[in-house]
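Each chain, written out:
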Amino acid sequence: MKTANHQIADLLLKRKIEKRKSFAVLLDPDKVNLSTFPKFLEYAAGYGVDFFFVGGSLITNYAIDKLIAAIHEHTDIPAILFPGSSLHIDPSADAILLLSLISGRNAELLIGQHVIAAPLLKRSGIEVLPTGYMLVESGKLTTVSYISATTPLPRDKPGIVACTALAGEYLGLKHMFLDAGSGAQFPVPGEIIAAVRQAVDTPIIVGGGINSFEKADIALSAGADVIVVGNGIEQNPELLPEIAQCVNSYNRKLQSV
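Criteria and thresholds
Residues numbered from 1 in each chain as written. Predicted model: local features only at pLDDT ≥ 70, side-chain atom pairs only at ≥ 80, totals over all residues. Heavy atoms only, no water. Helix = DSSP H or I, 4+ residues; strand = E, 2+ residues; numbered from the N terminus. Buried < 20%, exposed > 50% of the residue type's maximum accessible area, 1.4 Å probe, protein only. Contact = heavy atoms within 4.5 Å. Patch = residues over 30% accessible without salt bridge, like charges linked within 9 Å, V, L, I, M, F, W, Y side chains within 5 Å. Areas by Shrake-Rupley, 256 points an atom, 1.4 Å probe, with all protein chains shown as cover. Salt bridge = Lys/Arg side-chain N within 4 Å of Asp/Glu carboxyl O. Phe/Tyr/Trp six-rings, centres within 6.5 Å; stacked < 30°, edge-to-face > 60°. Lys NZ or Arg CZ within 6 Å of the ring centre and 35° of its normal. Core = buried A, V, L, I, M, F, W, Y, C linked by side-chain atoms within 4.5 Å. Pairing = 2+ DSSP bridges. Right-handed = clockwise from strand over helix to strand, strands pointing away. Expected span 1.5 Å × (residues − 1). Arc of directions from axis to C-beta.

**Student:** Explain the environment of Leu121 here, please?
**Tutor:** Inspection of the secondary structure puts Leu121 in helix α4 (residues 107-124). On the basis of relative accessibility, which here comes to 7%, the residue Leu121 falls in the buried class. The sequence separation of Leu121 and Ile192 amounts to 71 residues, and the corresponding C-alpha distance is 32 Å. Residues within four places of Leu121 in sequence aside, it is in contact with Ile89, Ile96, Leu98, Ile126 and Val128.

Right under this line is the structure:
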């Protein structure tokens, strides 16, 4: 069942204010085995995953509806679209990260695809999460950088990234997503996350290259409100409980204060 409008946005903001951390798993429809997916969903729910992000930069297997249906059938965890284009909108989702690629200068991904998507989203009733999407250089060319035809922000220039996020906030974007990209060689540096945290009041989502407890800890310590793991879990299922342990340790500290 879909969540009420603004429910997820309100939840993200509430958790940010309370300094509670969240764990999101990114599901690429091209990489999900539908036959074993229900078991994975129960596994993820058992470790306290907060959100499922569904989508990617390039999708060849249009099984988004099947993934969302399974998420709703086997868990109570919100299914949030992470679209690469307006083609990736599915009305059965609970919400959509409406990504404006503010780190680049490709007008299609700043506003063009959004114009196409707007009437579809209005009819669907999906909760829209206006999100400033920033690619950060990760040591190698990633799919999202290639598909978007944009240059990532330099990983050694926290000030540029912080000003980009601040501009996005002034433009009315309600969430900031710092992404090193799928299969990143290096995650978003803690210095960049900390600079963005100091610059904006929005919830901050961080993904790409988070493939260990230590890297998750760096991101959370620097100010990430939500950490996103995708390819790392596909390659190493044991990473899921490891990241969950990191997130839960932060939230337990809050309860003990």
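Past the structure itself, the notes keep going.
**Student:** Sorry, what's going on with a nonpolar patch on the surface here?
**Tutor:** Residues Leu110, Ile111 and Val115 make up a contiguous nonpolar surface patch of about 250 Å² in total accessible area. Along the polypeptide, Ile111 turns up in helix α4.

**Student:** Is there a simple way to explain the packing of aromatic side chains in this structure?
**Tutor:** Describing an aromatic ring pair means giving the distance of the ring centres and the angle of the ring planes. In the structure shown here, the tally under the stated rule is six aromatic pairs. Residues Phe53 and Phe177 carry aromatic rings whose centres are separated by 6.4 Å and whose planes lie at 50° to one another, so their mutual orientation is tilted. A residue pair is termed long-range when its members are at least 10 positions apart, and Phe53 in strand β2 (residues 51-55) and Phe177 in strand β6 (residues 175-179) qualify at 124 residues. The residues Phe53 and Phe177 share a single accessibility class, namely buried. Centre to centre, the rings of Phe82 and Tyr133 are 5.9 Å apart; their planes meet at 80°, and the pair counts as edge-to-face. Placement of the pair is Phe82 in strand β3 (residues 79-82) and Tyr133 in strand β5 (residues 127-135), with a sequence separation of 51 residues. Tyr133 sits in the buried class, given a relative accessible area of 6%. A cation over a ring is seen here: Lys253 above Tyr250, with NZ or CZ 5.0 Å from the ring centre.

**Student:** I would appreciate a short explanation of the nonpolar core in the present structure.
**Tutor:** Side chains that are nonpolar tend, in soluble globular proteins, to be buried together. Ranked by internal contacts, the top residues of the largest apolar core, which has 60 residues, are Phe23, Leu27, Phe52, Leu178, Ile227 and Ile243. Looking at this core element by element, the count peaks at seven residues for helix α10 (residues 239-256). Core analysis: the next-biggest nonpolar cluster, separate from the first, contains 21 residues, Ile80, Leu97, Leu99 and Phe177 among them.

**Student:** How do you make sense of the pairing of β2 when you look at a structure like this?
**Tutor:** A regular strand places its side chains so that they alternate between the two faces of the sheet. Within β2, five of the five residues are buried, leaving the element largely enclosed by the surrounding structure. By the alternation rule, side chains of β2 split into Phe51, Phe53 and Gly55 and Phe52 and Val54, which are all buried. Pairing between strand β1 (residues 22-27) and β2: four bridges, direction parallel. Bridging from a neighbouring strand, Leu26 pairs with Phe53 of β2. Tracing the backbone out of β1, into helix α2 (residues 37-46) and back to the parallel element β2 gives a crossover that is right-handed. Here β2 runs beside β3; their pairing, made up of four bridges, is parallel. Looking at the pairing, Phe52 lines up with Ala79 of β3.

**Student:** How do you make sense of helix α1 (residues 7-18) when you look at a structure like this?
**Tutor:** In this model, α1 (12 residues) spans 16 Å end to end at C-alpha, consistent with the 16 Å of a helix rising 1.5 Å per residue. For α1, the full list of buried residues reads Ile8, Ala9, Leu12, Arg15 and Lys16. Along the axis of α1, the buried residues cluster in a sector spanning 135°; they form a single face. Backbone geometry just downstream of α1 places Lys19 in the positive-phi region, at approximately 65°.

**Student:** Can you help me understand the pattern of salt bridges in this one?
**Tutor:** Between side chains of opposite charge, pairing is possible as soon as their charged atoms come close. With the rule as written, the count across this model stands at four salt bridges. Close ionic contact of Lys14 with Glu18 constitutes a salt bridge, the shortest N to O distance being 2.8 Å. Of this pair, Lys14 and Glu18 both sit in helix α1, four residues apart, which is roughly one turn of that helix. Residue classification places Lys14 among the partly exposed residues on the basis of a relative accessible area of 45%. Residue class for Glu18 comes out partly exposed when judged on its relative accessible area of 33%. Asp50 serves as the salt-bridge partner of Arg15, at 3.0 Å between the closest nitrogen and oxygen. Of this pair, Arg15 sits in helix α1 while Asp50 sits in the loop between α2 and β2, and the two are 35 residues apart along the sequence. According to the relative accessible area criterion, Asp50 is buried, its value standing at 18%. Several salt bridges share partner residues, and in doing so they unite Lys14, Glu18 and Arg20 into one network.

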